[in-house]
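Survey of secondary and tertiary structure
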Amino acid sequence: MTKDYISQYLRETREITEKVSKEEIEKGIEILQWVKDRGGRLFLLGVGGSAGNASHAVNDFRKIGGIEAYAPTDNVSELTARTNDQGWETTFVEWLKISKVKEEDVIMVFSVGGGNEDTSQNIVNALKLGKERGAKIISIVSRDGGYSKKVSDSCILIPVVEETRITPHAEGWQGVIWHLMVNALV
């Protein structure tokens, strides 16, 4: 049974490899090179496992890619204070306002669903502000891409190949894609 599961999971991974849009990945790399060349900043947004990925990616984009990068979830004191005082849906947008996000910057979203009116409203509100201020948006998402797909300059959509494993594939592929992107900048 375990060997069958392993084989199935790896088959699904190969299927994603064939289906994921290389063109969208290339657009994302071009945007990251653009922000690096202009000295802009990269803001990484994610919730749950995607927040952990955002934190890891901040390190890689700073250390390997040479881009000034930040994730609001790395500051647990501010995150929880904003959640308590203003509500979860305001956490990222208010953080981006204080960070003075602008047109030279990029917002990168790691999310399983990409946010919509019912879930991840904090991501949706942050992206609305980013668009208002002219920031570029890259998203690595799954399912139908949600709001992130609608507003992204580059949306890398992780194909759903097995309904019961959407989250592990989405979050695992966030790591594959950002590692690919950051090393393309070297």
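Residues numbered from 1 in each chain as written. Predicted model: local features only at pLDDT ≥ 70, side-chain atom pairs only at ≥ 80, totals over all residues. Heavy atoms only, no water.

A look at the packing of helix α1 (residues 2–19) against helix α8 (residues 166–184)
Test applied: Here an angle of 0 to 180 degrees is reported between the N-to-C directions of two axes, which are lines fitted to C-alpha atoms, with helices fitted over the stretch in contact. Secondary structure counts use DSSP, requiring at least four H or I residues in a row for a helix and at least two E residues in a row for a strand, with both numbered from the N terminus. With respect to orientation, any angle under 35 degrees is reported as roughly parallel, any angle over 145 as roughly antiparallel, any angle of 65 to 115 as roughly perpendicular, and every other angle as oblique. Put simply, a crossing is left-handed when the front helix is turned counterclockwise from the back one by less than a right angle, and right-handed when it is turned clockwise. Any two residues whose heavy atoms approach within 4.5 Å are treated as being in contact. Under the convention adopted here, Pro, Cys and the residues Ala, Val, Leu, Ile, Met, Phe, Trp and Tyr are nonpolar, Asp, Glu, Lys and Arg are charged, and Gly plus all remaining residues are polar.
With their axes 12 Å apart at the nearest point, α1 and α8 run at an angle of 55° to one another. The orientation of α1 relative to α8 falls into the category oblique. Remark: the crossing between α1 and α8 carries right-handed chirality. In contact with Y9, E12, T13, I16 and T17 of α1, α8 contributes P168, H169 and W173. Looking at side-chain class alone, the contact of α1 with α8 contains four nonpolar, three polar and one charged residues.

A look at a nonpolar patch on the surface
The following threshold applies: Residues forming no salt bridge and having over 30% relative accessible area are the ones grouped into patches, like charges within 9 Å of each other and nonpolar side chains (Val, Leu, Ile, Met, Phe, Trp, Tyr) within 5 Å. We get accessible surface area from the Shrake-Rupley algorithm with a probe of 1.4 Å; when it comes to residues, only the shown protein chains can shield them. Counted as salt bridges are all cases of a side-chain nitrogen of Lys or Arg within 4 Å of a carboxyl oxygen of Asp or Glu. A simple rule labels every residue: compare its accessible area, found with a 1.4 Å probe on the protein chains alone, to the largest value its type can have, and call it buried under 20%, exposed over 50%, or partly exposed in between.
Together, Y5, I6 and L10 give the surface a local cluster of nonpolar side chains, amounting to about 290 Å² of exposed area. When you line up the elements, L10 lands in helix α1. You can call L10 partly exposed: its relative accessible area is 45%.

Regarding the pairing of strand β5 (residues 154–157)
Using the following cut-off: Note on pairing: two strands pair once DSSP finds at least 2 bridges between them. A clockwise course of the path from the first strand over the helix to the second, judged with the strands pointing away from the viewer, identifies a crossover as right-handed.
The pairing of strand β4 (residues 136–141) with β5 spans four bridges and is parallel. Bridged to S139 within β5 is C155. Considered for its hand, the β-α-β crossover made up of β4, helix α7 (residues 146–151) and β5 is right-handed.

Focus on the sheet that holds strand β3 (residues 106–110)
What the five strands build is an open sheet, ordered β2-β1-β3-β4-β5; its pairing is parallel. Looking along the sheet, the strands with just one partner apiece sit at the ends: β2 (68–70) and β5. Averaged over all pairs of adjacent strands, the angle between strand axes in this sheet comes to 15°, irrespective of strand direction. The sheet strands contacting helix α2 (residues 22–38) are β1 (41–46), β3, β4 and β5, and the helix crosses β5 at an angle near 140°. This element, α8, spans β3, β4 and β5 of the sheet and lies at about 140° to β4.

With respect to unusual backbone geometry
Of note in this structure, S120 is not a glycine but carries a positive phi near 55°. The phi torsion at R143 lies on the positive side, around 50°, for a residue other than glycine. Summarising the element assignment, R143 is placed in the loop between β4 and α7.

Thoughts on the pattern of salt bridges
Scanning the entire structure with this criterion turns up seven salt bridges. For E12, the salt bridge identified is with R165, shortest N-O distance 2.5 Å. With E12 in helix α1 and R165 in the loop between β5 and α8, the pair connects residues that are 153 residues apart, well separated along the chain. An identical accessibility class is assigned to E12 and R165; each is buried. With a closest N to O distance of 2.9 Å, R82 and E78 form a salt bridge. Of the two residues, R82 and E78 are both situated in helix α4 (residues 76–86); the distance of four residues between them amounts to about one turn of the helix.

Some words on the side chain of N122
Within the secondary structure layout, N122 lies in helix α6 (residues 121–132). Here N122 falls in the buried class, since its relative accessible area comes to 0%. Setting aside anything within four residues of it in sequence, one finds N122 in contact with V47, W88, E89, T91 and F92.

All we've got here are geometric facts, nothing functional implied.
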